[in-house]
Amino acid sequence: MLAGVLLLIFLPPLVAKDLCKDSQDGFKVRLSIKTALGDDAYEWNESEMFLFRSTLAYAMRKQTKQDTYNITNILVCNDTQRVSFVFVVTSPDDPDQLIPKEQIEQAVRQNKHRINNAFLLSDMTLEFVGIPPTLAAPIIYDTEPWLIVFGVVIGAVAVGIVALLMSTVSKKRRAKEKAAGLSEEDEGIVKENGTALSGLGGKEGVYNQTFSNDNRFTEL
Amino acid sequence: IMKLKLLNPGLEDRILSHDELERLEVEEAGDRPKWDNKAQYMLTCVGFCVGLGNVWRFPYLCQSHGGGAFMIPFLILLVFEGIPLLHLEFAIGQRLRKGSVGVWRTINPYMLGVGIASMCVSFLVSLYYNTIIAWVMWYFFNSFQEPLPWSQCPINANRTGLVSECERSSPVDYFWYRETLNTSVAIDETGGLQWWMILCLISAWGVLYVCCIRGIETTGKAVYVTSTLPYVVLTIFLIRGLTLKGSVDGIKFLFTPDLNELANPSTWLDAGAQVFYSFSLAFGGLISFSSYNSVHNNCEQDAVIISIINAFTSIYAATVIYSIIGFRATERFDDCLSGNILTLLNTFDLPEGNITQSNYQEVLHSLNSTNPDIISNLHLKTCDLNSFLSEGVEGTGLAFIVFTEAITKMPLSPLWSVLFFIMLFCLGLSSMFGNIEGVLVPLQDLKVFPKSWPKEVISGVTCLVCCLVGLIFVQGSGNYWLALFDSFAGSIPLLIVAFSEMIGVVYVYGIDRFNEDMIFMIGHKPNIFWQATWRVISPLIMLAIFIFYFSTIVTKEIFYIAWDPESENFPTLEKKPYPSWIYVIIFLLAGIPSLSVPGTAVFRAIREYCCKKHPSAPVQEIDSVSYKPGNQILILN
């Protein structure tokens, strides 16, 4: 009688442990708390494990949309110092039946973000062995940023070219007009800055070759 | 000291005498462009000399040839090869007041080939150098986003994982080889034109055109920014670098001397080549720039100052680069070690913090003695800081792979990326000013364009033609073509031109006449150091480098390294031999400029001979006007 009662009391956890240890539907979990948080790392203890089991139960609830999942449905074993362990999920209707791997995987993937945040960890530091992290969606730009910068640079170049060409054209036009009015040039040289030749290096004015007495162009 | 002087009839008629020069100087009657001030001239020359090679070739040479010990051959060859050649080019340009073609034609019409060779080399180098600037601009355009596009691998098409090519190599490699170059697997596969690279090429040539549109009038203003900004950025990077972990290891690694390397002849050869190419000698640009100076400018002082600045910049840039490389190597080492530690912790379920960097070796040893088979199955990577440091790469690999990776690991990466690529852009652009000068001025001297065309149109047409030809480098195999051009167009011909320059000035123009010119220009005769180097030492060094270079190229089988995702050693680049038709291209690249030196002389001799046979030749070919009082009018050809 006593033996029967004892067996009844101790059987479920033993069976539970067997369910967890030998199961194919379990996942190994690894936490790297010290790597993630450094000095702010919290200690892994029973309460943290409680939190983990409840988050997983939450994930199962969300995924199956059944409010029957409870913390007792999450069985944990192979607890190590690394902070790694194996867990399995039993069905709420039948404690001896395990939820298949694929379903657990889906549940974890959909809620990984919430699970990570509960522990202040990330995809790298809270590892579910066998469940690869979901890749972040690539950022899609309406216009690639490089095209915008390119547009700015090319615009500046175009403005620069146009401005320089225009200044050349206007300089040439002014030079043509000046050449047309060259006959009244005498005063032109004197009138620089209103002063009479004083700022021209102390020489006798600007040497204007047109009026030079060079007869080398006439001799033959 | 050799007093050899070759026959050079008619030299007096071709050059301006000292009195004429003095008159031109005083009256400012020439129509040659002039520098606004001395600073513009110095900045332009510094910008031309200081280029991408100071940043990505010198540090690699320094580190691979014995670190601090490399300074010895570098500085010795700087003094005996670089400074004399630089002084020579400055002096001859200032004296004869012409670009490279004009100068050599003046010295002796048979030496016209030297000028033409300079022009050809400047043209070929401009083509590919501006493509490198286009690549720099592409990276610059892409730096204005967070996270930087080369910091992580893109996700593949069906969102199941990362792109395989990227996963097998690294995000920076993938971004460079695939998203920038879209490189093909071999040089014969063109891979088509890459549209984004065409846009960057157009913008590179556009910026260059804006700066060169009116010759030194516009480049003189641009160099205030392009020549000074690199120093500012280098200083910023130095300060940033020194605050990063591992940077001092990098600097120590760079400068640790290994005196055994001095016995290795390739160290001296590389030092000589680096000095030579770093000074951008024999391109003709320096002669042009110097010809815009006043005739009494102290070119001796300029040459020494610019050489010192160039050497200082090389060493400074090497320090900065290696501080960042040291940081990157330390990061990689830490990652490697952390990876191994994590593997061990996971396998043996040990608590975190049991294995750290300090006790890693002992723990590994003890675990290996207890469970050797498990350990061997883990395939732990060997992490060695020195091997990460010596991964030091040169050239485009350094800038676009190693350095960009280091930048992604720094906080505020887009800022550092923008700064780095602006610096590379300025370094490249200021060198391009000199290259383009070495193309435009000879074209004007050779009267390729009609005289009525304004300067703007000439520079525009030149830039357009170069841009179109440069499309070779934006196809899929463009990177391989660029490496080809870099190895052959810019190496052998320059050595031949430099050697011919020295022989031409010292023996054809005449060292005595040259010395008198120097007395006229700067007031004193160049001392025994200059005499010895110009007459004997520098030509011998050039000859030695040329012989070594030529023999290595001719004897060794040449190959190129290709990015081939299908090769076995991927991601290591694969060595492939060139197809046979490439040898024709190589001959064209290196042969045409080199052969034009003797070729033009032969061609001219034949023409003279033919003209002599027909005495009724219409006009005698005279190439310059001499203002000798009392002479006849000489017809300008």
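- In the annotation of an unreviewed UniProt entry, the entry for chain B reads Transporter, and the organism field reads Sinocyclocheilus anshuiensis.
- Of chain B, the UniProt comment under Sequence similarities (unreviewed entry) reads exactly: "Belongs to the sodium:neurotransmitter symporter (SNF) (TC 2.A.22) family."
- The annotation that UniProt attaches to chain B under Subcellular location (unreviewed entry) is "Membrane".

- The name given to chain A in an unreviewed UniProt entry is Collectrin-like, with the source organism recorded as Sinocyclocheilus anshuiensis.
- The record in UniProt for chain A states the following under Subcellular location (unreviewed entry): "Cell membrane".

### Regarding the UniProt feature "transmembrane region" (unreviewed entry) in chain A
Thought 1: Those places that UniProt annotates as "transmembrane region" (unreviewed entry) correspond, in this numbering, to residues 146-166 of chain A.
Thought 2: Each end of residues 146-166 of chain A is marked by a C-alpha atom, and these two atoms are 30 Å apart; helix forms 100% of the span and strand 0%.

### Here's the deal with the UniProt feature "binding site: Na(+)" (unreviewed entry) in chain B
All names here are of chain B.
Thought 1: When the UniProt feature table is mapped to this numbering, "binding site: Na(+)" (unreviewed entry) covers Gly47, Val50, Asn54, Ser278, Asn310, Leu427 and Ser431. Taking the farthest pair of C-alpha atoms as the criterion, the annotated set spanning 385 residues converges on one region, since that pair is 12.8 Å apart.
Thought 2: Summarising the element assignment, asparagine 310 is placed in helix H17 (residues 299-348).
Thought 3: For asparagine 310, a relative accessible area of 2% puts it in the buried group.
Thought 4: Sequence-distant contacts of asparagine 310, that is, excluding residues within four places in its chain, are made with Cys49, Val50, Asn54, Ser278 and Phe279.
Thought 5: Counting through the fold element by element, serine 431 comes out in helix H22 (residues 413-445).

### Description of the interface of chain A and chain B
Thought 1: On the chain B side, the residues contacting the 38 residues of chain A number 40 residues.
Thought 2: Summing the contributions of chain A and of chain B, the shared interface buries around 3300 Å²; its carbon and sulfur component is 65%.
Thought 3: Joining chain A to chain B, the criterion identifies 2 salt bridges.
Thought 4: Linking Glu217(B) and Lys171(A) is a salt bridge whose minimum nitrogen-to-oxygen distance equals 3.7 Å.
Thought 5: Our count for the contact surface shared by chain A and chain B stands at 10 residue pairs in polar contact (both at pLDDT 80 or more).
Thought 6: Listed by contribution, the elements that provide at least two residues to the side of chain A that touches chain B are strand S1 (27-31), helix H2 (33-37) and helix H5 (145-180) of chain A.

### Side note on a nonpolar patch on the surface
All names here are of chain B.
Thought 1: A contiguous nonpolar surface patch, about 470 Å² in accessible area, is contributed by Ile72, Ile76, Val79, Phe80, Leu259 and Trp268.
Thought 2: It is helix H6 (residues 71-96) that contributes the most residues to the nonpolar patch, 4 residues altogether.
Thought 3: Looking at the secondary structure, you find isoleucine 72 in helix H6.

### Quick notes on the sheet that holds strand S2 (residues 74-77) of chain A
Residues and elements named next belong to chain A.
Thought 1: Taken in spatial order, the 4 strands make up an open sheet running S2-S3-S1-S4, and their pairing is antiparallel. Looking at the sheet topology across the chains shown, the edges are occupied by S2 and strand S4 (126-129). Geometrically, the sheet is characterised by an average inter-axis angle of 30 degrees between neighbouring strands, direction not taken into account.
Thought 2: Inspection of the sheet shows S2 paired to strand S3 (residues 84-89) by 4 bridges, in the antiparallel sense.

### Observations regarding the pairing of S3(A)
Along any regular strand, the residues point their side chains to alternate faces of the sheet.
All names here are of chain A.
Thought 1: Judged by how many residues are buried, S3 sits mostly within the fold: 6 of 6 residues are covered.
Thought 2: Here S1 runs beside S3; their pairing, made up of 4 bridges, is antiparallel. Opposite phenylalanine 27, over in S3, you have phenylalanine 87 as the bridge partner.
Thought 3: Where S2 folds back on S3, the antiparallel hairpin that results is connected by 6 residues, among which asparagine 78 adopts a positive phi of roughly 55 degrees.

### Here we look at helix H4 (residues 101-118) of chain A
All names here are of chain A.
Thought 1: The largest bend along H4 reaches roughly 70 degrees and is located at asparagine 111.
Thought 2: Buried-residue contacts for H4 involve S1, helix H3 (46-64), S3 and S4.
Thought 3: Phi turns positive one or two residues past the end of H4, at leucine 120, with a value near 60 degrees.

### Quick look at the state of the cysteines
Residue and element names in this part refer to chain B.
Thought 1: Under the criterion given, the structure shown has 2 disulfides over all chains.
Thought 2: Paired through a disulfide, cysteine 153 and cysteine 166 show a sulfur-sulfur distance of 1.8 Å. Handedness of the cysteine 153-cysteine 166 disulfide follows from its S-S torsion of about -85 degrees: it is left-handed. With cysteine 153 in the loop between helix H8 (112-141) and helix H9 (164-168) and cysteine 166 in helix H9, this residue pair connects regions lying 13 residues apart in the sequence.

### Quick notes on the packing of helix H14 (residues 247-255) of chain B against H17(B)
Residues and elements named next belong to chain B.
Thought 1: Two elements in contact, H14 and H17, have axes separated by 6 Å at closest approach and are oriented at 125 degrees. The angle between the axes of H14 and H17 places the two elements in the oblique class. For the pair H14 and H17, the crossing hand works out as right-handed. Together, Ser247, Asp249, Gly250, Ile251, Phe253, Leu254 and Phe255 of H14 and Ile315, Ala318, Thr319, Tyr322, Ser323, Gly326, Phe327 and Thr330 of H17 make up the contact between the two elements.
Thought 2: Among the residues making up the contact of H14 with H17, the classes are represented as 8 nonpolar, 6 polar and 1 charged.

Rules and cut-offs
What you see as residue numbers is a count from 1 along each chain, following the sequence as written. The lettering of chains begins at A and the numbering of ligands begins at 1, in the order of writing. Per-residue local features are limited, in this predicted model, to residues with pLDDT of at least 70; the limit for side-chain atom pairs, both in listing and counting, is 80 or more; totals at the level of whole chains, interfaces and linings are taken over all residues. Water and hydrogen atoms were dropped before computing side-chain values, which therefore reflect all heavy atoms in the structure. UniProt positions are given in the numbering used here, feature names are shortened, and annotations may be inferred rather than shown by experiment. A run of H or I in DSSP counts as a helix once it spans at least four residues, and a run of E counts as a strand once it spans at least two, with each numbered from the N terminus. Summary of the burial criterion: residues with accessible area below 20% of their type's maximum are buried, those above 50% are exposed, and those between are partly exposed, where the area comes from a 1.4 Å probe applied to protein chains only. Throughout, a residue-residue contact means that at least one pair of heavy atoms, one from each residue, lies within 4.5 Å. Take the accessible area each of two parts loses on contact, using a 1.4 Å probe, and add the two losses: that sum is the buried area. Salt bridge, as used here: a side-chain nitrogen of Lys or Arg that lies within 4 Å of a carboxyl oxygen of Asp or Glu. Whenever a nitrogen or oxygen atom comes within 3.5 Å of another N or O atom, the pair is scored as a polar contact, on the condition that within protein one atom can donate a hydrogen and the other can accept it, and that pairs from neighbouring residues in sequence are kept only if both atoms are in side chains. Each patch groups residues whose relative accessible area exceeds 30% and which form no salt bridge, using 9 Å between like charges and 5 Å between nonpolar side chains of Val, Leu, Ile, Met, Phe, Trp and Tyr. Values of accessible area rely on a 1.4 Å probe in the Shrake-Rupley scheme; residue burial ignores everything except the protein chains shown. When DSSP locates at least two bridges between a pair of strands, those strands are taken to pair. Note on geometry: axes are C-alpha line fits, over the in-contact stretch for helices, and angles between N-to-C directions span 0 to 180 degrees. Bend, at a single residue, is the angle you get between axes fitted to the 7 residues ending at that residue and the 7 residues starting at it. Put simply, a disulfide is two cysteine sulfurs that come within 2.5 Å. Just so you know how the angles are binned, under 35 degrees is roughly parallel, over 145 roughly antiparallel, 65 to 115 roughly perpendicular, and the rest oblique. Rotating anticlockwise by less than a right angle from the far helix to the near helix defines a left-handed crossing, while the corresponding clockwise rotation defines a right-handed one. Each residue gets one label: Ala, Val, Leu, Ile, Met, Phe, Trp, Tyr, Cys and Pro are nonpolar, Asp, Glu, Lys and Arg are charged, and the others, such as Gly, are polar.

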